[in-house]
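# Structural overview
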Amino acid sequence: MFKLFSNIRAVEKLAWLTLLTLLVIFLMLISVNFNMHSQIPLGWIIFGISFLFALAFYFYRSENFLKKFLLTAIIILASFNVFKYFYWRTTVSLVSEIKFPDFIPALMLYLAEAYAVFLFFTGIFASLRPLNRKVIPLNTFKKDELPTVDVFIPTYNEPLEVLAPTVLNALKLEYPKDKLKVYILDDGGTDQKCNDPDPEKAKEARERRKKLQEFAKKVGAIYLTRKENTGAKAGNINEALKKTNGDLILILDADHIPAKDFLENTVGWFIRDPNIFLVQTPHAFYNPDPIEKNLRIFEHQPQENEMFYKWLQKGLDFWNSSFFCGSAALIRRKYLESLGGLPGDSITEDAETALLLHSKGLKSAYIGIPMIRGLQPETFSALVTQRIRWAQGMVQIFLLKNPLLLPLKWYQKLNYLAASVYWFFGFARFIFLIAPFFFVFFGMKIYNASVYDVLALPLPALFSYYLVSFVLYRNVRAFLSSEVYESVLSLFIFPALISVIRNPRSPTFKVTPKGERVERNFVSQLFLPVVLLWILTIIGIVTAFVKFFLYTDQRYAYAINLGWLFFNFVNLTAGLAIVSEKAEKRKFFRVKLDAEVEIIENGKSIRTKAIDISLGGIAVELTKELKNYLSRFKEGEEVEFIITNPARESRLLKGKFYYASGEKLVFTFDYTNLSFQEFLSEIIFGRADNWIVYERRRPIDYFILIKKLPEIPKLVYWKDIFTLTLAKLKELIFWRRILNA
């Protein structure tokens, strides 16, 4: 026995055997109907053990067998509580004493819960073995082995100041110049646009075409356009395929600025494995999305997309299921051409492309290094436009190209199914927002459970659900923020999903507006659904509170619904702050820059550090030494300084002194100078390791929104929202009178 435990491998095998035995026992116990007085301690003891394991997992830093054992144990223990609850919901709660018409909303709530349980387990499946794929250095290959690369930068209505940094940095990609070409694919200057019946629109399109042609010629890019705007982005790229011949195609959105080592870090996998059709990389952003901006939580928590790009895509890569995300990706031309180009059956042609090529037995790869920086939508309406397109497109794929019916591996079917079904959160979240109203307002019994049932099954399951989510996604997801995102967006995605289900071919591609400037505070035109549901939730809280005292025999039910309604109220109040759009006064978004700076003053070098930088200026720390020279800086006076980044690359810059404030000095740049644009773009976005260093040092608070809850009401434009709501109601009354007349 002692020899057994002296052998590490034997101990590991025994540990895994123990967990396997535990799993088998739990599977057998799921269908056993315990007395509720027995089930209450069982559920909470299992949660308590998994919680202790989670604490050990959190504080144990070494990545070894014990870490994996703890994670597996947490998943098995918590999953038992979740499965046991769902079995009870299906076989007991749903079918007991629920009569028509109560059964319809009861079934809706059950389906929303089933959706959540499905995502819980598919998320665990995708997260079992996240693959941190290594870079294959290009210097291990001969130059003759390197494939030719065409960079496609599709653009529609983005201003040149958004497009220029992407083109300039694409031209700076470290790759043999005779094997690299950069193309601007202009869909805003097509023949169709230039000959628009509206003379103003035609003039605008012709001016755009001329401006981009001149810019492309100056910097060394190739300008392409086409006759008609058919097929949106997919059609634009497919037309460019006919006019180009590179072995690989790097697709970049107009605002996705690449690091110069992008191709160095990705091309090697295409040489190593001829069956790879795609190498996808993360989408990372340097500006807040409107939810982060309007709630003032940017830079304090993981961005909303990090769970997908930093975690799930790595997990999908292990299962050969990582998919094309439309940009920041290299695709092998011959495989794309085997499909006849990007398919157009859905408005998410990227995921559809990956699905079809995976079904041909081909491979994808995911390099988890952020190597582009892009712009997120600046307004809430633009964000909703983007998310509706994603939701409708993925549901189109589910309906028109069902992964279950394609020749994929079973695990690929499951992963693609989960990716499609995820976007049904619009239904699930909407149901969770309105479900309490059925009982509070109408007395409908849509959830059959006694107080003992709730203590025994739903609560341990709910806590277990969130425990596993925290353990798996703690570094890439802020939980309350995610609740707010999905709750608010569901109000707009819900009707969009109904539309696509009724007619799967009805959605059309809508370009996400980028480069918008929010120059003033205003209430988003999408405010009304949020306001109406917020008001209804307040009425529900008051009603439940009154009935709590009136109906003493159902107090526990009203107490549960009060808690539920209050949680929804918090999310919707945050929604009011989100639709209260905050002004962005800066023309260019500033990014943190980890760099040393030497300011040259009369031949003397004064050392300091950069705080942040943009294409329009830089802020540096006002050190004690600099304070001694402060009187010498005059507004508008030109100053030279040298910037040295973490990769020890130095650049000389010239700027004009703008102002000194608190602990910083601010200088502005002349962005109209094209060579200076190129220079700045390289400094700010030049290398992926600059961004990695920044992200490691970024202060993250996963509970920032919880801490900011008292501040949220201050971020709402109450007066404007009240005025606009009254105006909408008056307008509705007016049209009703007209119709009645």
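For the structure, check the block above.
Just so it is clear, the structure is predicted and the values come from calculations on it, not from any experiment. (Residues numbered from 1 in each chain as written. Predicted model: local features only at pLDDT ≥ 70, side-chain atom pairs only at ≥ 80, totals over all residues. Heavy atoms only, no water.)

In this section: the packing of aromatic side chains. In this structure the tally under the stated criterion is 48 aromatic pairs. Relative to W718, the ring of W534 has its centre 5.4 Å away and its plane inclined at 45°; by these criteria the two rings are tilted. Separated by 184 residues along the polypeptide, W534 in helix α21 (residues 527–550) and W718 in helix α27 (residues 718–740) bring together distant segments of the chain. One aromatic cluster is present, built from ring pairs that chain together F83, F120, F121, Y465 and Y466. One Lys or Arg, K67, reaches over the ring of F57 and ends 4.3 Å from the middle of that ring. In this arrangement the basic side chain of K582 is found over the ring face of Y717, its NZ or CZ atom lying 5.2 Å from the centre. (Phe/Tyr/Trp six-rings, centres within 6.5 Å; stacked < 30°, edge-to-face > 60°. Helix = DSSP H or I, 4+ residues; strand = E, 2+ residues; numbered from the N terminus. Lys NZ or Arg CZ within 6 Å of the ring centre and 35° of its normal.)

Another point: unusual backbone geometry. Backbone geometry places A232, a non-glycine residue, at a positive phi of 50°. Checked against the element boundaries, A232 lands in helix α9 (residues 232–243). Even without glycine at this site, A328 takes up a positive phi of about 60°. Structurally, A328 can be placed in the loop between α12 (306–318) and β7 (329–332).

The first and last C-alpha atoms of helix α8 (residues 199–219) sit 30 Å apart over 21 residues, in line with the 30 Å expected at 1.5 Å per residue. What α8 keeps buried is the set A202, A205, R208, R209, L212, F215, A216 and V219. Axial view of α8: buried residues confined to an arc of 160°, hence all on one face. Exposed positions of α8 whose direction lies more than 90 degrees from the buried face are P199, E200, K210, K217 and K218. Contact partners of the buried residues in α8: β1 (149–155), α6 (160–171), β2 (180–186), α7 (191–194), β3 (222–224) and α24 (674–685). N-capping of α8 is provided by D198, with a side-chain oxygen placed 3.0 Å from the backbone N of E200. Positive backbone phi, at 100°, marks G220, one or two positions downstream of α8. (Expected span 1.5 Å × (residues − 1). Buried < 20%, exposed > 50% of the residue type's maximum accessible area, 1.4 Å probe, protein only. Arc of directions from axis to C-beta. Contact = heavy atoms within 4.5 Å. Polar contact = N/O pair within 3.5 Å; in protein donor to acceptor, adjacent residues only side chain to side chain.)

With the rule as written, the count across this model stands at 4 cavities of 30 Å³ or more. As a volume, the largest cavity reaches approximately 300 Å³. Lining the largest cavity are 26 residues; nearest its centre among them are Y286, L375, K587, F588 and F589. For the lining of the largest cavity, the elements supplying multiple residues, two or more each, are α6, β14 (604–614) and α24. Here the lining of the largest cavity takes 3 residues from α6, the largest share from any one element. As a volume, the second largest cavity reaches approximately 100 Å³. Of the residues assigned to the lining of the second largest cavity, the class counts are 3 nonpolar, 3 polar and 5 charged. (1 Å grid on protein atoms, 1.4 Å probe; cavity = no way out; pocket = protein on both sides within 12 Å on 5 of 7 lines; lining within 4 Å. Points joined across faces, edges and corners; volume = space filled by probe spheres on them. Nonpolar A, V, L, I, M, F, W, Y, C, P; charged D, E, K, R; others polar.)

Residues D198, E200, E204 and E207 make up a contiguous surface patch of negative charge. One can find D198 in the loop between α7 and α8. (Patch = residues over 30% accessible without salt bridge, like charges linked within 9 Å, V, L, I, M, F, W, Y side chains within 5 Å. Areas by Shrake-Rupley, 256 points an atom, 1.4 Å probe, with all protein chains shown as cover. Salt bridge = Lys/Arg side-chain N within 4 Å of Asp/Glu carboxyl O. Lys, Arg positive; Asp, Glu negative; His and termini not counted. Charge placed at Lys NZ, Arg CZ, Asp CG, Glu CD.)

Now for the pairing of strand β13 (residues 596–601). Two elements, β13 and β14, share 6 bridges in a ladder whose sense is antiparallel. Paired with I600 across the two strands is S605, which belongs to β14. Hairpin remark: β13 followed by β14, antiparallel, with 2 residues in the connecting loop; positive phi at N602, about 55°. (Pairing = 2+ DSSP bridges.)

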